[in-house]
Amino acid sequence: MERQQNPKKLIFGSRTLFEHLKKKHLTGVKREKIRQKWEEKRHGILYAIGQKASKGNLNIRLVNLKSQWHLRINLGNGEYVWAKVVRSAKRKTDQWVGFISDLDQAEKTGEWFPYTVRLKLRNGKIYAQFSREENLPEVTITKDNGVIGIDINAYPFHLALVHTAKDGNLEKYERISLDKLLEGSSEKREYSSWQTSHQIVEIAKRERKAIVVENLEKLPKGKRGDGLPKLRQKLQKWVYKALLQKIEIVAKRNGIQVIKVNPAYTSIIGKLKYAPLHNIDKDTAGAYVIARRGLGFKERLPKNYKELLKDPEFLSYTIAKIENKITKLKQEIREEKNEYKRNRFKSVIWKTRKELDLLLIHFRGSGESESAAQQAVNRELKPMRGRVQSLQKSWQVLSVAFAFSCLESLRDFSPLKRVLISRDWVGVANKASPSLLGQGTTI
């Protein structure tokens, strides 16, 4: 209900597995394996929350019998099931060692601490997961000495780290490759994620800086038939949010402040404002905006960018370029035989039309005279509420306009420095595409 979803459509045990079972071509052993996995996810989980007054946990409790820990599972009516706990410490820093040591101490003193137990059935075997509240150290490294902004990017798959001073100035930047997170089994990728998290925290400890990350809710991973199989395969393995959570956990264990910020428009602001100013790539620029946002800075629209948003020739020229692209895409769809490639072209057209609508609405709202392009759009205008939303919309309009008017490469934003300083978008556009300049004036 919190997600505003219809409860009648709720499926326990994984919707993905349920949809697999509905397929008629699945038979025999393959179908039985999927059915068993779905049943285990649906019914094979038992969860008990810990209580300090009940020796840690009332219903699923760890009990020491003859120097061997057992799990006592309450079945009700005074009946219990006893399971021997088989768990070895793989390294000296293994948290299991500290957990068992604390249990031994609690058994001697009678001062128990709450721990939560989750039992999971997997491939016919029962696994137990234990969790308890950590005694975290006091935060000693804060943003008073500056921060490190972190942004995760898909192409190439890496972390961008930007060291930023307390006054918001860029000090230095670096990147960490994440290709190893796409290789091997899920256990190997999980281990690599923890390694990367510790590597980042060690950098923060050495620099005595807090860490700023995006506060993410959900990362879209594409869908079958979108014409982007390679990207979809990478995103399915991409533990974006999980990696940020690990960074936060390790940082707090080391007394480092972690600041979460709203990720909205950080990439757009970075590539349009700071990538050309500091001659850095858009990924690093996005991390820089994240860092500045963590320090409390707000990004204003540069003066020359504001003027461009009022320039009818600039907007008309961009609109003509977008319409030209849509015409070419329609022609490619008619000539393409492959269904999935056609789907990809259709999704690009849909996105491009949304971008065109954004520009046309802005053009109409700028107070200029009606044009043929404006008359072609008969849609309800929804004004933005408040200064912040209006500023964000301006950044979005500029991003679309520059992508079609001034930039040959969507990764090289250095030409925009000329626009930022002198507002000479005509010179940049002529260099990018001299054959089309001037169409905007006749739209």
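Note: the structure precedes this text.
Below, the structure is looked at part by part. As the structure is a prediction and not an experimental result, all values here were calculated from the model.

### Thoughts on the nonpolar core
Thinking step 1. The biggest cluster of nonpolar side chains holds 43 residues, and the ones touching the most others in it are Y305, F402 and L416.
Thinking step 2. The dominant element in this core, judged by the number of residues it contributes, is helix α13 (residues 386-405), at seven residues.
Thinking step 3. Those residues in contact with Y305 that sit more than four places away from it in its chain are L272, W395, L398, F402, L416, V419 and L420.

### Focus: the sheet that holds strand β11 (residues 258-261)
Thinking step 1. Taken in spatial order, the five strands of this open sheet run β9-β8-β7-β10-β11, and their pairing is mixed. At either margin of the open sheet sits one strand with a lone partner, and together these are β9 (170-177) and β11. Neighbouring strand axes in the sheet, compared pairwise and without regard to direction, differ in orientation by 25 degrees on average.
Thinking step 2. With four bridges joining them, strand β10 (residues 210-214) and β11 adopt parallel strand pairing. When the sheet's bridge partners are listed, V212 is paired in β11 with I259.

### Observations regarding the packing of aromatic side chains
Each pair of aromatic rings is reported with the distance of its centres and the angle of its planes.
Thinking step 1. Under the counting rule described, the total for this entry stands at 12 aromatic pairs.
Thinking step 2. When the centroid spacing of 5.7 Å and the interplanar angle of 40 degrees are considered together, the rings of F99 and F130 count as tilted. Taken together, the positions of F99 in helix α3 (residues 95-109) and F130 in strand β6 (residues 125-131) put the pair 31 residues apart, joining distant regions of the chain.
Thinking step 3. Here F130 falls in the partly exposed class, since its relative accessible area comes to 22%.
Thinking step 4. Measuring from centroid to centroid gives 5.8 Å for F314 and F402, while their planes differ by 55 degrees, and the two rings are tilted. Of the two residues, F314 sits in helix α10 (residues 312-335) while F402 sits in helix α13, which places them 88 residues apart along the sequence. Assigned by exposure class, F314 and F402 land together as buried.

### Quick look at the packing of helix α1 (residues 15-22) against helix α2 (residues 28-43)
Thinking step 1. Axis separation between α1 and α2 bottoms out at 10 Å; the angle between their running directions is 145 degrees. Considering the relative orientation of α1 and α2, their crossing is left-handed. Contact with α1, carried on its side by L17, F18, H20 and L21, involves R31, I34, R35, K37, W38 and K41 of α2 and no other residues of that element.
Thinking step 2. When its residues are assigned to classes, the contact of α1 with α2 shows five nonpolar, one polar and four charged.

### Focus: unusual backbone geometry
Thinking step 1. Positive phi values are uncommon outside glycine, yet K66 reaches one of about 55 degrees.
Thinking step 2. Checked against the element boundaries, K66 lands in the loop between β2 (60-65) and β3 (68-76).
Thinking step 3. Even without being a glycine, R208 presents a positive backbone phi close to 60 degrees.
Thinking step 4. Within the secondary structure, R208 sits in the loop between α4 (186-207) and β10.
Thinking step 5. On the basis of relative accessibility, which here comes to 45%, the residue R208 falls in the partly exposed class.

Parameters at a glance
Residues numbered from 1 in each chain as written. Predicted model: local features only at pLDDT ≥ 70, side-chain atom pairs only at ≥ 80, totals over all residues. Heavy atoms only, no water. Core = buried A, V, L, I, M, F, W, Y, C linked by side-chain atoms within 4.5 Å. Buried < 20%, exposed > 50% of the residue type's maximum accessible area, 1.4 Å probe, protein only. Helix = DSSP H or I, 4+ residues; strand = E, 2+ residues; numbered from the N terminus. Contact = heavy atoms within 4.5 Å. Pairing = 2+ DSSP bridges. Axes fitted to C-alpha atoms, helices over the stretch in contact; angles between N-to-C directions. Phe/Tyr/Trp six-rings, centres within 6.5 Å; stacked < 30°, edge-to-face > 60°. Left-handed = near helix turned anticlockwise from the far one by under 90°. Nonpolar A, V, L, I, M, F, W, Y, C, P; charged D, E, K, R; others polar.

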